[in-house]
Amino acid sequence: MIIVMKPDHTKEDVLNIINKLEDFGLRAHLSEGEHRTIIGAIGDERKLQEVPFLSFPGVEEVHPILKPYKLVSREFKSENTRISLNGNVFGDKKIQVIAGPCAVEGREILEEIADELSSLGVPFIRGGAFKPRTSPYSFQGLGEKALKYLAKVREKTGMMVVTELMDPRDAVLVAKYADIIQIGTRNMQNFRLLTEVGNIDKPVILKRGFSATIKEFLMSAEYIVSEGNEKVILCERGIRTFETETRNTLDISAVPLLKQLTHLPVIVDPSHAVGRVDLVPPVAKAAVAAGADGLLIEVHTRPESALSDGAQSLRPNAFKKLMDELKLIAEAVGREI
Ligand code: PEP
Ligand code: MN
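Fair warning: this is a prediction, and the values are worked out from it, not measured in the lab.

Side note on the overall build of the protein chain
For step 1, the next point in the chain: Helices and strands together make up the secondary structure of the protein chain, namely 10 helices and 14 strands.
For step 2, the next point in the chain: In terms of C-alpha radius of gyration, the protein chain reaches 21 Å, essentially the compact-globule figure of 20 Å for 337 residues.
For step 3, the next point in the chain: For the protein chain, the spread of C-alpha atoms along the principal axes amounts to about 65 × 45 × 40 Å.
For step 4, the next point in the chain: Counting every position in the protein chain, which comprises 337 residues, the buried fraction comes to 56%.
For step 5, the next point in the chain: Summarising the internal contacts of the protein chain: among those between residues at least 6 apart in sequence, 68% fall at separations of at least 24.
For step 6, the next point in the chain: Side chains of the protein chain give 44 positive and 47 negative charges; the mean places of these two sets differ by 4 Å.

Encoded structure:
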């Protein structure tokens, strides 16, 4: 349920409602926007059926939220959530770009890649320190050593660090080094992990599970936001279908659909969606045309010797070409990149 307050409501009116919700075992989520103050009732709304909130002082409107996800829904908040990191805003006109290797493989190679990206003005570097590999025998990541290399890159280039958290036990460690914490596709429904990042004051990129519906995706985002962390960026990265020519199938309609259903920023990872370097640029363009707020792209200076995902990693020159071409697409849909 959403309770919209009148413009001239008092603090006491708000407290009164919060107390009432708590009396019924629900939690209040207060959203004090520029124009309106809204109180979201979190919990089992059926208990509120008999409470005449409309006759409470200061209350203008009362709306039930019909969707199972509430805090992340557009019904709850109509304007876009903007997540700003040093002036780089997700959910605004400018499309944000995150690029880098699949995994941090060593200090020198990371710096080589970072120097290329930094010279192209890319604000965010990505790189896994903890890698969720399908095989236990594949490269698992360098752990804290990798996080330290990423932090060194940030110090040297000013680029902000995006890296994956796989295990709640590593949450404090990863949060210490990351500017944005990534939750991977395989962990989209690791509810313990979601709760953990919901209690960290850092933006989170939540990747769509490769077999998750849009509703399940949004329910996972709801887990994070309901814990108090509202800085969630959704990432469509392809879903599993019967097709085997591509690694996954990019659900392009997920972008405009999510933008309708939620106020959270939506980005696209074309690299994991297609798994093939030749298809990354056209799919990235489609993502921008469809209204994505950002792109997450794997880039490597030596993809032939990459320890993971070399086949889908763009070389810096191909990445640069893509960025130039994307400018036209962005402009055509009223955006900037
Ligand atoms: C990644 O971005 O490094 C990654 C493992 O992606 P996903 O979780 O989408 O497979
Ligand atoms: Mn990868």
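So, the side chain of D170
For step 1, the next point in the chain: Following the sequence through the fold, D170 ends up in the loop between β9 (160-164) and α4 (171-177).
For step 2, the next point in the chain: As a buried residue without a salt bridge, D170 has its nearest oppositely charged side chain in R169, at a separation of 6.3 Å.
For step 3, the next point in the chain: Aside from chain neighbours lying at most four places away, what touches D170 is F130 and L165.

Some details on the pattern of salt bridges
For step 1, the next point in the chain: Enumeration according to the criterion identifies 25 salt bridges in this entry.
For step 2, the next point in the chain: Of the charged contacts in the structure, one is a salt bridge between E144 and K148, with a shortest N-O distance of 4.0 Å. Here K148 and E144 lie together in helix α3 (residues 144-157), a separation of four residues that amounts to about one turn.
For step 3, the next point in the chain: Between R315 and E304 there is a salt bridge, with its nearest N and O atoms 3.1 Å apart. With R315 in the loop between β14 (294-298) and α10 (316-332) and E304 in the loop between β14 and α10, the pair connects residues that are 11 residues apart, well separated along the chain.
For step 4, the next point in the chain: Accessibility expressed as a relative area gives 40% for R315, which makes it partly exposed.
For step 5, the next point in the chain: Within this structure, R208, E236 and D251 form a network of salt bridges that share partners.

Some details on the site of ligand 1
For step 1, the next point in the chain: Taken together, R126, K131, P132, E164, Q182, G184, T185, R186, K207, R237 and H272 make up the full set of residues adjacent to ligand 1.
For step 2, the next point in the chain: In isolation ligand 1 offers 290 Å² of accessible surface; the protein chains occlude 96% of this area.
For step 3, the next point in the chain: Grouping the amino acids of the shell around ligand 1 by side-chain chemistry returns one nonpolar, four polar and six charged.

Some thoughts on the domain arrangement of the protein chain
For step 1, the next point in the chain: Considered domain by domain, the protein chain is made up of domain 1 (2-63) and domain 2 (83-332).
For step 2, the next point in the chain: Computed from C-alpha atoms alone, the centre-to-centre distance between domain 1 and domain 2 is 37 Å.

Examining the packing of aromatic side chains
For step 1, the next point in the chain: Inspection of the entire model under this criterion finds three aromatic pairs.
For step 2, the next point in the chain: Taking the centre distance of 5.1 Å and the plane angle of 50° together, the rings of F53 and F56 count as tilted.
For step 3, the next point in the chain: With centroids separated by 5.3 Å and ring planes inclined at 45°, the aromatic side chains of F90 and F124 adopt a geometry described as tilted. Of this pair, F90 sits in strand β6 (residues 88-90) while F124 sits in strand β8 (residues 124-126), placing them 34 residues apart in sequence.
For step 4, the next point in the chain: In this structure F90 comes out as buried when scored by relative accessible area, which is 0%.
For step 5, the next point in the chain: Against the face of F210 rests R240, its NZ or CZ located 4.7 Å from the ring centre.

Here we look at the nonpolar core
For step 1, the next point in the chain: Counting 79 residues, the largest nonpolar core has L117, I125, L206, L234, I297 and F319 as its most contacted members.
For step 2, the next point in the chain: Formed by 15 residues, the second largest nonpolar core is a distinct cluster that contains M5, L21, L26 and V51.

Some words on the sheet that holds strand β7 (residues 96-100)
Backbone hydrogen bonds hold the strands of a sheet together, and the pairing may be parallel or antiparallel.
For step 1, the next point in the chain: Strand order in the closed barrel formed by eight strands is β7-β8-β9-β10-β11-β12-β13-β14, and the pairing between neighbours is parallel. Direction aside, the axes of adjacent strands within the sheet are offset by 25° on average.
For step 2, the next point in the chain: Relative to strand β11 (residues 204-207), strand β10 (residues 180-183) is paired through three bridges, and the arrangement is parallel. Residue pairing in the sheet places Q182 in a bridge with I205 of β11.
For step 3, the next point in the chain: The strands touched by α10 are β7 and β14; relative to β14, the strand with the most contacts, the crossing angle is about 165°.

What to know about the pairing of β11
Looking down a regular strand, the side chains alternate between one sheet face and the other.
For step 1, the next point in the chain: Burial of β11 is two-sided: the residues V204 and L206 facing one way and the residues I205 and K207 facing the other way are all buried.
For step 2, the next point in the chain: With respect to chirality, the unit in which β10 leads through helix α5 (residues 191-198) into the neighbouring parallel β11 is right-handed.
For step 3, the next point in the chain: Pairing geometry for β11 and strand β12 (residues 232-236), over four bridges, is parallel. Pairing of I205 across the sheet is with I233, part of β12.
For step 4, the next point in the chain: On the question of chirality, the crossover connecting β11 to the parallel β12 by way of helix α6 (residues 214-226) is right-handed.

What to know about the environment of Y149
For step 1, the next point in the chain: Looking at where Y149 falls in the secondary structure, it is placed in helix α3.
For step 2, the next point in the chain: The class of Y149 is buried, set by a relative accessible area of 18%.
For step 3, the next point in the chain: Taking C-alpha positions, Y149 is 9.0 Å from E108, a pair spaced 41 residues apart along the chain.
For step 4, the next point in the chain: If we ignore the near neighbours within four places in the chain, the residues touching Y149 are V104, G106, R107, L110 and L142.

A closer look at unusual backbone geometry
For step 1, the next point in the chain: Backbone geometry places N86, a non-glycine residue, at a positive phi of 50°.
For step 2, the next point in the chain: Tracing the chain through its elements places N86 in the loop between β5 (83-85) and β6.
For step 3, the next point in the chain: Note on N86: relative accessible area 67%, which makes it exposed.
For step 4, the next point in the chain: Unlike most non-glycine residues, D309 shows phi in positive territory, near 60°.
For step 5, the next point in the chain: Within the element layout of this structure, D309 appears in the loop between β14 and α10.

Cut-offs used in this document
- Residues numbered from 1 in each chain as written.
- Chains lettered and ligands numbered in written order.
- Predicted model: local features only at pLDDT ≥ 70, side-chain atom pairs only at ≥ 80, totals over all residues.
- Heavy atoms only, no water.
- Helix = DSSP H or I, 4+ residues; strand = E, 2+ residues; numbered from the N terminus.
- Rg over C-alpha atoms; globule rule 2.2 N^0.38 Å.
- Buried < 20%, exposed > 50% of the residue type's maximum accessible area, 1.4 Å probe, protein only.
- Contact = heavy atoms within 4.5 Å.
- Lys, Arg positive; Asp, Glu negative; His and termini not counted.
- Charge placed at Lys NZ, Arg CZ, Asp CG, Glu CD.
- Salt bridge = Lys/Arg side-chain N within 4 Å of Asp/Glu carboxyl O.
- Near = heavy atom within 4 Å.
- Areas by Shrake-Rupley, 256 points an atom, 1.4 Å probe, with all protein chains shown as cover.
- Nonpolar A, V, L, I, M, F, W, Y, C, P; charged D, E, K, R; others polar.
- Domains from an automatic or database assignment.
- Phe/Tyr/Trp six-rings, centres within 6.5 Å; stacked < 30°, edge-to-face > 60°.
- Lys NZ or Arg CZ within 6 Å of the ring centre and 35° of its normal.
- Core = buried A, V, L, I, M, F, W, Y, C linked by side-chain atoms within 4.5 Å.
- Pairing = 2+ DSSP bridges.
- Axes fitted to C-alpha atoms, helices over the stretch in contact; angles between N-to-C directions.
- Right-handed = clockwise from strand over helix to strand, strands pointing away.

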